Amino acid sequence: MGDTEVWELYNFTADAHPMHVHEVVFEIVNREALVLDPATGEPAQPVQLSGVVRLPEAWESGFKDTVNRLSG
């Protein structure tokens, strides 16, 4: 209790997916897409991040209990 943790959430689906964490509030720090396999359109294995970091949108500021994890 009272500690700060940094979590990384990955969405391996083709769709946006809401992630809900029970009894925890959090802030969105940034987003980064997964590298996709050009042959399948699925995330490359092993998982690789694109290197293009996006800051949260204005409406994503502040404490949350749910975040919409975008794909790609």
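It should be noted that the structure appears before, not after, this text.
So, here's what we can say about the structure. (Residues numbered from 1 in each chain as written. Predicted model: local features only at pLDDT ≥ 70, side-chain atom pairs only at ≥ 80, totals over all residues. Heavy atoms only, no water.)

Describing the overall build of the chain
Note the threshold: The helix count covers DSSP runs of H or I at least four residues long, the strand count covers runs of E at least two residues long, and both are numbered beginning at the N terminus. Any pair of residues with heavy atoms lying within 4.5 Å of one another is described as a contacting pair. Accessible surface area values rest on a Shrake-Rupley calculation with a 1.4 Å probe, where residue burial reflects the displayed protein chains alone. Neither His nor the chain ends is counted toward charge; the positive residues are Lys and Arg and the negative residues Asp and Glu. In this description, the location of a charge corresponds to atom NZ of lysine, CZ of arginine, CG of aspartate or CD of glutamate.
Within the chain, the regular secondary structure consists of zero helices and four strands. Starting at the N terminus and walking to the C terminus, you meet the elements of the chain as β-β-β-β. Taken along its principal axes, the extent of the C-alpha atoms in the chain is 45 × 25 × 20 Å. Long-range pairs, those at least 24 residues apart, make up 63% of the contacts in the chain between residues at least 6 apart in sequence. A total of about 5800 Å² of accessible surface is found on the chain, and carbon and sulfur atoms cover 57% of it. Taking the 4 positively charged and 12 negatively charged side chains of the chain as two groups, their mean positions are separated by 7 Å.

Structural notes on the packing of aromatic side chains
What describes a pair of aromatic rings is the distance from one ring centre to the other and the angle between the planes of the rings. What counts is decided by this rule: Side-chain rings of Phe, Tyr and Trp (the six-membered ring for Trp) are treated as a pair once their centres are within 6.5 Å; stacked means planes under 30 degrees apart, edge-to-face means over 60, and tilted covers the remaining angles. Using a 1.4 Å probe on the protein chains alone, a residue whose accessible area is under 20% of its type maximum counts as buried, one over 50% counts as exposed, and one in between counts as partly exposed.
Enumeration according to the criterion identifies one aromatic pair in this entry. Ring geometry for Y10 versus F12: centroids 6.1 Å apart, planes at 20°, classification stacked. The partly exposed category is assigned to Y10, whose relative accessible area is 35%.

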